[in-house]
Amino acid sequence: YADNNDEPDAFLSEEDLALLHDIDMPAVQDSNDEGSSFTPSNYISLQDISRLSAELSYFYLRDELGLGEDIMWKITNQAGSILGLKVSNIRNKVDLLRNT
């Protein structure tokens, strides 16, 4: 850590984080300025946030499956690796469990 503060020396950009978590983050076109495009690190619209949250397993478990806050805390603390799975993988596992 630099200068004895609590923040690390290296930081991942939002693009790096998207690649790390396998989330597609397209550039956003500004409707007020033709030809000007903003990268996700500069500007993310509410639609982009909504679309991105739909790809995160935490929001799938909470919003689509309706898991409560207490269960989400248990998952986060006791089985956090689940939150690293793609939504499509979790959806397939849930469907399999529901159909057996």
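Residues numbered from 1 in each chain as written. Predicted model: local features only at pLDDT ≥ 70, side-chain atom pairs only at ≥ 80, totals over all residues. Heavy atoms only, no water.

Focus: the overall build of the protein
From N to C terminus, the protein includes five helices and two strands. Of the regular secondary structure in the protein, the N- to C-terminal order runs α-β-β-α-α-α-α. Put simply, the protein has 100 residues, and 17% of those count as buried. Pairs at least 24 apart in sequence give 46% of the contacts found in the protein among residues at least 6 apart. (Helix = DSSP H or I, 4+ residues; strand = E, 2+ residues; numbered from the N terminus. Buried < 20%, exposed > 50% of the residue type's maximum accessible area, 1.4 Å probe, protein only. Contact = heavy atoms within 4.5 Å.)

A few points about helix 3 (residues 57-64)
Looking at helix 3, one finds that the buried residues are S57, Y60 and L61. Buried residues of helix 3, viewed axially, fall in a sector of 95°; they line one side. Lining the buried residues of helix 3 we find helix 4 (69-78) and helix 5 (87-98). (Arc of directions from axis to C-beta.)

A few points about the nonpolar core
With seven residues, the main nonpolar core is built from Y60, L61, M72, I75, V87, I90 and V94. Mapped onto this core, the elements with two or more residues apiece are helix 3, helix 4 and helix 5. For this core, the leading source of residues is helix 5, giving three residues. With residues near it in sequence (within four places) discarded, I75 still touches L61, L67, G80, I82 and L83. (Core = buried A, V, L, I, M, F, W, Y, C linked by side-chain atoms within 4.5 Å.)

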